[in-house]
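Residue strings, one per chain:
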Amino acid sequence: AVVSTQSTGSSGINAEYGDTLTDTTMKLVVIIGALLLISVSARRGGGGGHHDRDRDDQDRHDRDRDDHDRPRPPHPPRGPMIKNPRMVKAEQGGKAMLKFAIMGGKPLDATKVSIVKMLPGGFEAESRFEFKLAELDPEDVEGRFKHVLVGKAALGNATCTDQSRYRIKYNCGKKGEEEEEIFERDVEKSGHGGRQGHFGLMVEDCPRPTREPRPDYLKRESVAKPSIRVRPVHQGQTEGKVIVDFWIYGNGALDEAAVSIVKLGRNRTEEESRFVFKLATEETNGGRYSHIMKGRAAMDDLACEDMSRYLIKYGDYASGHFSVLIVDCMEPRPTREPRPTREPRPTREPRPTREPRPVEKRDPGPKFWY
């Protein structure tokens, strides 16, 4: 009995030890699995970042390729840059002189340079300017252009007929794509010279050239069209009379038959009015307008139906607005109710005065005698 009891206790101990070992092993397995998951997720995160960057680079490459393949508007013709003074002055019978430079990205041909006279309408004609050209050594040139032609031009015995606009031209002819890329005009504005070879010649004691008139499709509305001025508000009474004075200003003769006065109904519809008017026109000695037409309009036997807005018209060019108010027909303005008076605030009762506390005498305590 004693032996069996001991064996039973030993087996119980072994079972308990086995359960403890199993729990410890499971904990180790869970910890190792968690560490593996963390490491795998970190690797995936790093790899994902590289993958995203590669994908962004691919998208950017695709966009650049699409932009490159997209059709673009044709650029304007290009050519070498020309620098020159904007204005040249000369005396009558004297000599007009100027210096200029032509710069390009490839060797320039001096035989393609010319100076032409600009005529009205954009036409060109040969000029009396004579010029000489010299090519600079590319090694001595600094900047974006490696080939430069410098020139001096002169015009002798200047007269008033020589006073005009001129242009220094470099005739490129038909260029291929490679030449267009090489002859690239400087986009930035420079403080030197005029607009790609344009300049003007002014001869002393000669009348200034008149500006070429604009074509009809570029002309703006002229100030010569009439302008109407009238007081905006006129008042009257029922069975009374209202008088309206107005003025029409214009450059040129004014037509009295083009003047009319209409009544504006609802939705700005024009109706006939009962106004009768007279007109008188006079010329001015100067100023912005050359003619003034003065008018006086009247309307009798006013009624409430006549209280409205009116319009003075001069053909289809000008108009003047004004209103007629009839005092008897106007509704009185509503009077504002007086503000209610506030009740006076109740006065606060004075606080009761506290009675002074009685002073208690302190007991000094027992007296000791020695």
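Because the structure is a prediction, the values reported are computed rather than measured.

1. A word on the sheet that holds strand 16 (residues 291–299)
- Strand order in the open sheet made by the four strands is 10-12-16-15, with antiparallel pairing throughout. The outermost strands of the open sheet, each flanked by one partner alone, are strand 10 (227–230) and strand 15 (276–283). Averaged over all neighbouring strand pairs, the angle between strand axes comes to 20 degrees, with direction disregarded.

2. Some thoughts on the sheet that holds strand 7 (residues 147–155)
- Spatially, four strands are ordered 1-3-7-6 in an open sheet, and the strand pairing comes out antiparallel. Every other strand in the sheet has two partners, leaving strand 1 (81–83) and strand 6 (130–135) as the edge strands with one partner each. Each strand axis lies, on average, 20 degrees off the axis of its neighbour in the sheet, ignoring direction.
- Pairing analysis gives nine bridges linking strand 3 (residues 96–104) to strand 7, with the strands arranged antiparallel.

3. Some remarks on the confidence of the model for the protein chain
- Summary statistics for the protein chain give a mean pLDDT of 77 and a share of 71% for residues scoring 70 or more.
- Low pLDDT, under 50, characterises residues 47–51; the predicted model gives this stretch zero contacts beyond four residues in sequence or across chains.
- Overall, residues 175–195 carries pLDDT values under 50, and its contacts beyond four positions in sequence, including any with other chains, amount to 36 contacts.

4. Things to note about the state of the cysteines
- A full pass over the atoms with the stated rule returns two disulfides.
- The disulfide partner of C160 is C206, and the S-S distance across this bridge is 2.0 Å. Taking the sign of the S-S torsion, about -80 degrees here, the bridge from C160 to C206 comes out left-handed. With C160 in the loop between strand 7 and strand 8 (165–170) and C206 in the loop between strand 9 (198–203) and strand 10, the pair connects residues that are 46 residues apart, well separated along the chain.

Cut-offs used in this document
- Residues numbered from 1 in each chain as written.
- Predicted model: local features only at pLDDT ≥ 70, side-chain atom pairs only at ≥ 80, totals over all residues.
- Heavy atoms only, no water.
- Pairing = 2+ DSSP bridges.
- Helix = DSSP H or I, 4+ residues; strand = E, 2+ residues; numbered from the N terminus.
- Axes fitted to C-alpha atoms, helices over the stretch in contact; angles between N-to-C directions.
- pLDDT = per-residue confidence, 0-100.
- Contact = heavy atoms within 4.5 Å.
- Disulfide = S-S within 2.5 Å.

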